[in-house]
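Here's the letter readout for the chains.
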Amino acid sequence: MVFRLCCLASLLCMGLLAQITGSLTGLVRDPTGLPIQDAEVRIDAILTGAGRQASTDERGRYHVPGLPPGAYRV
């Protein structure tokens, strides 16, 4: 019984300590709707001001993984 409780407590602590992240994906186009390749995209966390950069691919797409929860300005 004690062993089960210790294992359960360990699993709960590991779950609470697990980092939750998200990602941001988007598309950059010009006014005519054509994709813009190699555009620089900046993502800034509103509360902390921490920033990340990404570049668009040949289809104008960008993807930024590993973002902590929060509000961002793109």
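So, here's what we can say about the structure.

Turning our attention to the overall build of the protein chain. Scanning the protein chain from N- to C-terminus turns up one helix and five strands. Element order for the protein chain, N to C, with α for helix and β for strand: α-β-β-β-β-β. The buried share among the 74 residues of the protein chain stands at 16%. In the protein chain, the share of contacts with a sequence separation of at least 24, taken over all contacts with a separation of at least 6, comes to 51%. Carbon together with sulfur atoms contributes 62% to the accessible area of the protein chain, which is approximately 5900 Å² in total.

Another point: the sheet that holds strand β5 (residues 72-73). With antiparallel pairing, the three strands of this open sheet are ordered in space as β3-β2-β5. Each edge of the open sheet is held by one strand with a lone partner, namely β3 (51-55) and β5. Sheet topology places strand β2 (residues 40-45) next to β3; five bridges connect them, and they run antiparallel. From the neighbouring strand, Arg 42 faces β3, where its bridge partner is Gln 53.

Definitions and limits used
- Residues numbered from 1 in each chain as written.
- Predicted model: local features only at pLDDT ≥ 70, side-chain atom pairs only at ≥ 80, totals over all residues.
- Heavy atoms only, no water.
- Helix = DSSP H or I, 4+ residues; strand = E, 2+ residues; numbered from the N terminus.
- Buried < 20%, exposed > 50% of the residue type's maximum accessible area, 1.4 Å probe, protein only.
- Contact = heavy atoms within 4.5 Å.
- Areas by Shrake-Rupley, 256 points an atom, 1.4 Å probe, with all protein chains shown as cover.
- Pairing = 2+ DSSP bridges.

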